[in-house]
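What the coordinates show
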Amino acid sequence: MNTLFRIIAVMAALSLLFACSNTSTNFDQDNDNNGRVVGSIHGVVSDTNTGARLKDITITYAVKGKIYTTKTNDLGYYAVNSLPSGSYELTFSGNSAYAISRSFIVIPDLEDIGISDIPTNDDFEYSVTQDRGLYTLDATVNGTIMAFVNGQEISDLTGIRVIADYGIYSFAPDIYTTYTDSDGVFAFAGLPSTGEFSLQIDSWTDGTHTFAAQDITVYPVVSGVLNLEPIYLDVVAEEVNVVSSNLYEFPITGTIEITFNQSIAPDYFDVELVNQSGGIVDISSIEWTSSTHVTIDPDEALLLDHTYDLNIDGMTVNANDFVWNTQFITQPGIMIESTNMELYDGYYQITPNKSIVINFTEQVLLGSANNVLDITDYPNPIMSWSNNNKTLTVTPPDDGYQTSTITVDMEFFSVLAPYDSVAMIYMVDIAE
C-alpha cells in the first residue's frame with residue numbers, strides 16, 4: 001500500500017509539473033490578445049445660438065466601409081454603439097435649416113489603452129461623449145468692392161469671386177461663393193450664423209491692372225443682416241496670376257480650363273500633371289481660346305476623389321517667366337443620398353407592403369455584372385429604376401414581407417468608373 005501510494009504521488013507531481021510547463025509556454029510564446037476595445041459615441045445635438053435641443057438629426061458614419069445612420073430623439077440625444085477601434089467621421093444633417101456639421105472621433109485599440117504585453121480575452125468598453133452644436137443657415141452679408149488706379153475709380157467690377165470660408169467649423173460644405181455685379185456689389189444669403197468666418201476676395205484683373213486678393217475676418221449678425229463697409233482693392237505688381245480655373249471637384253473626364261491675368265506665349269508653356277503616387281498623366285492637347293485662356297486635356301480619365309499636382313512653367317508675351325503649381329481633388333464617387341426607410345434604434349423600418357426606395361448621388365450602371373441586391377426570404381426582388389437610373393425602387397412580394405426582419409445587402413456600380421461602387425447593408429424591421 002505504501003509503495004502504491006508513492007507511485008500515485010509521483011505521477012500526480014509529474015502531471016502537475018507538465019501542466020504548469022504547458023501553461024507557461026503558451027503565455028510566453030504567443031502573448032496573444034484576443035480581447036478588443038468596444039467603443040461607443042454619444043451626445044446631445046443642439047442649436048448653438050439658442051441651446052435648443054434638436055430631434056430627428058441624422059448622424060451618418062462608416063464602419064469598415066459600410067455606411068450607417070442613426071437619429072437624435074426628442075431630447076436631442078443620440079448614441080452610436082459597438083464600434084471597433086479606428087477613426088470615425090460623424091456627419092450631422094437632416095434639417096435644412098442648419099448647416100451640415102462633422103465631428104472626428106478616435107476609438108483606441110488595446111495598445112493605446114495600455115494592454116500590450118499582457119494577453120487577455122476581455123473586451124474593454126470605451127465611451128466618448130461628443131455633443132454637437134449646429135448653426136442655423138440664416139445670416140446675410142452684403143458688401144461692395146471698390147478699386148482705384150492713380151486716383152481713378154475702376155468703373156466695371158463684374159465677376160470678382162468672393163468666398164465665405166467656414167473651414168474652421170468642419171461644415172459640409174464649408175465654402176460659399178458669390179460674384180460681384182458691375183458696381184462691385186456682392187451678397188450672401190443663408191450663411192451659417194457663426195461667430196465669425198473668413199471672407200476671401202480673389203485676385204482680379206480689369207485687363208490692364210491686377211488687384212491683390214484679400215482675406216477679411218467677418219462677424220455676421222446671428223439670424224440677421226450685416227452690411228459691410230466698402231472693401232478697397234490694392235493694385236499689385238504685374239505678376240502672372242491665375243484669375244480663374246475649373247479645378248474644384250474636377251470631373252474625371254473633364255478638360256482643365258485656366259485664365260491668366262496676362263497674355264501667355266503658347267510656345268513657352270509646359271504642363272505637368274502628377275497623381276498621388278508620382279505617376280505622370282500624359283496631356284493629349286493644350287489649346288488657347290485667347291491669349292489668356294487655355295484648355296488642357298488629360299490623355300486619360302483621372303481617378304475619382306484623388307489628389308493631383310498641376311505644375312506649369314510659362315512665359316508671357318512680354319518675356320516674363322513664371323511658375324504656377326497647385327493641387328486639386330477630383331469629384332467624389334457614387335454615394336447613397338437617401339432612402340424612404342425610417343431609422344429607429346439602429347434598425348430601418350418599413351411596412352410589409354411598402355416599396356423600398358433608395359436614391360443615389362450618381363447614375364447607376366445597370367449593365368454591370370457586379371451589381372448585387374440580396375434580400376433575405378425574397379430571392380428574386382423586383383427592381384425598377386427612375387431619375388436617370390439614380391433612384392431604385394424594390395417592390396415587395398404580392399403578399400408583402402412575411403418575416404419580422406429582413407436584411408437588404410446591396411452593392412451598385414456607377415457609370416463614372418469601373419471601380420466606383422457603393423455598398424450598404426440595411427437591417428430592416430417589418431413594421432405592422
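For every chain, the first residue of the written sequence is number 1, and numbering continues from 1 along that sequence. Confidence filtering applies because this is a predicted model: local features only for residues at pLDDT of at least 70, side-chain atom pairs given and counted only at 80 or more, and all residues used for totals across whole chains, interfaces and linings. Calculated side-chain values reflect all of the structure's heavy atoms, with hydrogen atoms and water omitted.

1. Comments concerning unusual backbone geometry
A negative phi angle is the norm for most residues apart from glycine, just as the trans form is the norm for most peptide bonds. So the rule is basically this: Strands here are runs of E lasting at least two residues and helices are runs of H or I lasting at least four, both read from the DSSP assignment and numbered beginning at the N terminus. We call a residue buried when its accessible area falls under 20% of the maximum for its residue type, exposed when it is over 50%, and partly exposed in between, using a 1.4 Å probe and counting protein chains only.
Here Ala 172 and Pro 173 are connected by a cis peptide whose omega angle stands at 5 degrees. With respect to the helices and strands, the residue Pro 173 is situated in the loop between β11 (161-165) and β12 (175-179). Positioned with a positive phi, Ser 170 is a non-glycine residue whose angle comes to about 60 degrees. The topology assignment puts Ser 170 in the loop between β11 and β12. Phi is positive for Asn 388, which is not a glycine, with a value near 60 degrees. Relative to the assigned elements, Asn 388 resides in the loop between β34 (382-386) and β35 (391-395). By relative accessible area, Asn 388 is classed as exposed at 52%.

2. Concerning the packing of aromatic side chains
The line we're drawing: Only centres within 6.5 Å qualify two rings of Phe, Tyr or Trp (six-membered ring in Trp) as a pair; their planes then separate them into stacked at under 30 degrees, edge-to-face at over 60, and tilted for everything else.
One pass over the full model with this rule turns up 23 aromatic pairs. Plain terms: the ring middles of Phe 250 and Phe 328 are 5.5 Å apart, the flat faces sit at 70 degrees to each other, and that makes the pair edge-to-face. Here Phe 328 lies in strand β28 (residues 321-329) and Phe 250 lies in the loop between β21 (242-245) and β22 (256-260), a separation of 78 residues in the sequence. In this pair, the class of Phe 250 matches that of Phe 328, namely buried. Relative to Trp 288, the ring of Phe 269 lies with its centre 4.9 Å away and its plane at 75 degrees, an arrangement referred to as edge-to-face. Of this pair, Phe 269 sits in the loop between β22 and β23 (270-275) while Trp 288 sits in strand β25 (residues 283-288), placing them 19 residues apart in sequence. Given a relative accessible area of 6%, Phe 269 falls into the buried group. Owing to a relative accessible area of 21%, Trp 288 belongs among the partly exposed residues under this scheme. These aromatic residues form a ring-pair network of at least three members: Tyr 135, Tyr 166, Tyr 169, Phe 171, Tyr 176 and Phe 197.

3. What to know about the side chain of Thr 91
Note on placement: Thr 91 falls in strand β5 (residues 86-93). Here Thr 91 falls in the buried class, since its relative accessible area comes to 18%.

4. Points about the confidence of the model for the protein
For residues with low pLDDT, the predicted coordinates do not support detailed interpretation. Rules: A residue's pLDDT is the confidence the predictor assigns to it, expressed on a 0 to 100 scale. Throughout, a contact is declared for two residues whenever any of their heavy atoms are within 4.5 Å.
In this model, the protein carries a mean pLDDT of 88, and residues with pLDDT of at least 70 account for 91%. Across the protein, the secondary-structure element scoring lowest on mean pLDDT is helix α1 (residues 2-29), at 35, and the one scoring highest is strand β18 (residues 225-227), at 97. The low-confidence segment residues 1-33, where pLDDT is below 50, has 14 contacts with residues more than four positions distant or belonging to other chains.

5. Comments concerning a negative patch on the surface
For the record, the criterion: Residues form patches when they are more than 30% accessible in relative terms and have no salt bridge. Like charges link within 9 Å. Nonpolar side chains (Val, Leu, Ile, Met, Phe, Trp, Tyr) link within 5 Å. The protein chains shown are the only cover counted for residues, whose accessible areas, like all others here, come from Shrake-Rupley with a 1.4 Å probe. We define a salt bridge as a side-chain nitrogen of Lys or Arg found within 4 Å of a carboxyl oxygen belonging to Asp or Glu. None of His or the chain ends enter the tally, which takes Lys and Arg as positive and Asp and Glu as negative. By convention, the point assigned to a charge is CZ for Arg, NZ for Lys, CD for Glu and CG for Asp.
On the surface, Asp 270, Glu 272, Asp 313 and Asp 321 cluster together into a negatively charged patch. Mapped onto the elements, Asp 270 comes out in strand β23. We classify Asp 270 as exposed; its relative accessible area is 52%.

6. Concerning the sheet that holds strand β15 (residues 204-205)
For clarity, the threshold we go by: Pairs of strands are assigned from DSSP output, requiring at least two bridges between the strands.
An order of β15-β16-β20 is seen for the 3 strands of this open sheet, with the pairing classed as antiparallel. Sheet topology places β15 and β20 (235-236) at the edges, where each strand pairs with a single neighbour. Two strands pair when backbone bridges link them, and strand β16 (residues 210-211) and β20 are joined in this way by 2 bridges, in the antiparallel orientation. Of the residues in β20, the one forming a bridge with Thr 210 is Val 236.

7. Things to note about the sheet that holds strand β36 (residues 405-413)
Threshold: Under this scheme, a helix contributes an axis fitted over its contacting stretch, all axes are lines through C-alpha atoms, and angles between N-to-C directions fall in the 0 to 180 degree range.
In space, the 5 strands of this open sheet follow the order β30-β31-β37-β36-β33, with mixed pairing throughout. Two strands bound the open sheet, and with one partner strand each, they are β30 (342-344) and β33 (372-375). The average undirected angle you get between the axes of adjacent strands in this sheet is 30 degrees. Bridge count between β36 and strand β37 (residues 421-430): 9 bridges; the pairing is antiparallel.

8. A look at the environment of Glu 89
Here Glu 89 lies in strand β5. Judged by relative accessible area, which is 35%, Glu 89 ranks as partly exposed. Separated by 27 residues in the primary sequence, Glu 89 and Ala 62 place their C-alpha atoms 7.5 Å from one another. Not counting residues up to four positions away in its chain, the partners in contact with Glu 89 are Thr 60, Tyr 61, Arg 102, Ser 103 and Phe 104.

9. Observations concerning the environment of Asp 377
Tracing the backbone through its elements, the reader meets Asp 377 in the loop between β33 and β34. Overall, the relative accessible area of 61% leaves Asp 377 in the exposed class. Counting along the chain gives 28 residues from Asp 377 to Thr 405, while the straight-line C-alpha distance between them is 9.6 Å.

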